[in-house]
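# Per-entry structural report
Spelled out, the chains give:
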Amino acid sequence: MVNANTGSFELEDVSVAYGNEIAVAGVSMTVPPQAVTALIGPSGCGKSTLLRCLNRMNDEIGGVTVGGTIRLDGDDIYAKRVDSVELRIRVGQVFQKPNPFPMSVYDNIAYGPRTHGVRNRAELDAIVEHSLTRAALWGEAKSFLKKHAFELSGGQQQRLCIARALATEPEVLLMDEPASALDPISTQQIEDTIAELKDSVTIVIVTHNMQQAARISDRTAFMLRETMEAPAALIEVGDTRTMFTNPSDPRTEAYITGRFG
Amino acid sequence: MSRVKRARMMESLAKGIMGIATLIVVGIALFLLGYLAYRGAPSVTWEFLSQAPRKAMTEGGIHPVIMGTVYLVLGTAAFALPIGIMAGIYLSEFAPRNLWTRLIRLAITNMAGVPSIVYGLFGFALFVMSMRLGVSLIAGALTLACLTLPVVITVTEEALRRIPRELRQASMALGATRIRTVRKVVLPAAAPGIVTGSILGLSRAAGETAPVLFTAVAFFAPMPSSPLDQTMALPYHLYIMATQAVRPAPHVVWGTAFVLVAGVSIINIIAATWRSAQRKKIKW
Ligand SMILES: Nc1ncnc2c1ncn2[C@@H]1O[C@H](COP(=O)(O)OP(=O)(O)O)[C@@H](O)[C@H]1O
Ligand SMILES: [Mg+2]
């Protein structure tokens, strides 16, 4: 199990450029451990871009430069000696569309541990059961572990992807609009899962759904790109309840009351 | 007449013309295969398939000719598949997208457009003469491999491009390296497309005459016992019997043509059926 109080991020003056185009600039904030932090803002304001900085998935897109400092539990994750492979064991990600691998449910979840050297069958069995339980899928999935992952419903597939990400015991789970492709019932299940998980893992979730952010997050960061020429910036970050009841920036208020975006 | 009615009429007319065009294509194909079967199938007996030619090829079978083509195709596969598949994977998954790789792709496309007789001349100059392989099974297989390479590279790239980017991201986000992602996730999913496309490319090589003309074949040769031996081959056998045999035996000519086309068709049909069965199992 993960120790208490690990999996916190500190971002200092973070900026991201695609080629010469600066997409996000000047983001400074903290992500507290074992809590849900929501990134909200209109589409195109750099939420996914910022999220991908936290597990260095931006490194896989050619021509992306990340500026500023990002520390995970005090250590700079962009330092030379940090290997992105090791970082991604600690920081998992769930994507917008469910993206199970074309293999069995079991093999999907065992993929991460196998990649990092776990071969023992009993150990893998235990990891699969534990991960599925944490993703609230064990009850349904234990009878079809050997089935092809594509036979699952969309909501089940997304919870499978959560289980798959949990299988390497990450300290942090990044989620990029994980419910936006799902029906309301599946969305509810994902939200319940997130509520269960936040005691053991730090969650950073991008959502375009403000009600969702208000329901599930402890802390909210609001991003905005005010003109197409200027890069996106962090407008306000704080306790979710405060932000939704008493925002300190007029732009935040305008956004959460639905006046733009 | 109202505009809507006119539009409807134009639509039916266009559909009709396109339907007729399709029928013509189907008709040509059916006539070709039907005539070939009508003329060739009766001579295809067990004896025809299992015995060597006798009496200047007017009697006996074409067993060594069939085996020559089988060996040539296997040799071609041995060279073209590993190199072509690896190059396709590199271009699709690892190569940067810049001017150089664009030029390389352009070169590969052009390679596919070079007439096969040019491959024959090239193979003769390089493999037969410079590399001193002589007119041999291996020189022919290498020449056919050059012809098949662009096909294998292209089908590999295309099969890999069909795999959603999200799968690669999921694997990388789990801390897998790019090479492991390709090996464990991308390649298995793309394998049906790569295998089938490559088989279609190889079956085209099986029917080629020009590339083996100067590099591998002989009018009459026993079954090759080493890669450096000359060999007979179905398409060349057909060509030489139809144009130069002293007294061509029509049933042998048509039988040979039928064996070549039937063999290649059966393999193609199996490959295509397998691929669509695999694709039905994995739908994105
Ligand atoms: N791979 C990419 N290459 C170039 N520009 C990108 C890429 N991804 C995102 N961008 C740009 O960065 C900005 C922020 O995009 P994104 O982070 O996807 O926003 P959000 O997730 O908030 O909708 C957009 O202007 C977008 O065009
Ligand atoms: Mg996004």
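## Side note on the interface of chain A and chain B
Taken together, the contact between chain A and chain B spans 21 residues of the former and 20 residues of the latter. Between chain A and chain B, the buried area comes to about 1700 Å², and carbon and sulfur atoms account for 67% of it. Counting across the chain A and chain B interface gives one salt bridge. Across the pair R178 of chain B and E60 of chain A runs a salt bridge whose closest N-O atoms are separated by 3.3 Å. Here chain A and chain B share six residue pairs in polar contact (both at pLDDT 80 or more) between them.

## Some details on the pattern of salt bridges
Per the stated rule, a full pass over the model turns up 23 salt bridges over all chains. In this structure, D218 of chain A and K198 of chain A form a salt bridge, with 3.0 Å as the shortest nitrogen-oxygen distance. Pair noted here: D218 of chain A is in the loop between α8 (210-216) and β9 (219-224) and K198 of chain A is in the loop between α7 (184-197) and β8 (202-206), with a separation of 20 residues, a long-range link. The salt bridge involving E208 of chain B is made with R204 of chain B; its shortest N-O contact spans 3.3 Å. E208 of chain B gets classed as buried once you look at its relative accessible area, which sits at 14%. The exposure class of R204 of chain B is partly exposed, given its relative accessible area of 39%. Look at the salt bridges and you will find they share partners, linking E10, E12 and R71 of chain A into a network.

## Remarks on the side chain of S198 of chain B
Tracing the backbone shows S198 of chain B in helix α8 (residues 178-206). Excluding residues within four positions of it along the chain, S198 of chain B makes contact with L81, V152 and V155 of chain B.

## Points about unusual backbone geometry
One non-glycine residue, Q34 of chain A, lies in the positive phi region at around 45 degrees. Mapped onto the fold, Q34 of chain A is located in the loop between β2 (21-31) and β3 (36-40).

## Examining helix α7 (residues 165-173) of chain B
Among the residues making up α7 of chain B, those that are buried are L167, R168, A170, S171, M172 and A173 of chain B. Of the residues trailing α7 of chain B, G175 of chain B is marked for its positive phi of about 85 degrees.

Rules used in this analysis
- Counting from 1, residues in each chain are numbered in the order their sequence is written.
- All chains are assigned letters beginning with A, and all ligands numbers beginning with 1, in the order in which they are written.
- The predicted origin of the model limits local features to residues at a pLDDT of at least 70 and limits the giving and counting of side-chain atom pairs to 80 or more, whereas totals for whole chains, interfaces and linings rest on all residues.
- Excluded from the side-chain calculations are hydrogens and water; all other atoms, namely the structure's heavy atoms, are used.
- We call two residues in contact when some of their heavy atoms are within 4.5 Å.
- We define buried area as the total accessible area lost by two parts upon association, computed with a 1.4 Å probe and summed across both.
- Within this document, salt bridges are pairs made up of a side-chain nitrogen of Lys or Arg and a carboxyl oxygen of Asp or Glu, the two lying within 4 Å of each other.
- Polar contact is the term for a pair of N or O atoms within 3.5 Å; when the atoms are in protein, one must be able to donate a hydrogen and the other to accept it, and sequence-neighboring residues count only if both atoms are side-chain atoms.
- We count a stretch as a helix when DSSP gives it H or I for four or more residues in a row; a strand needs E for two or more, and each element gets its number in order from the N terminus.
- Think of it in three bands: residues with accessible area under 20% of the maximum for their type are buried, residues over 50% are exposed, and the middle band is partly exposed, with areas taken using a 1.4 Å probe on protein chains only.

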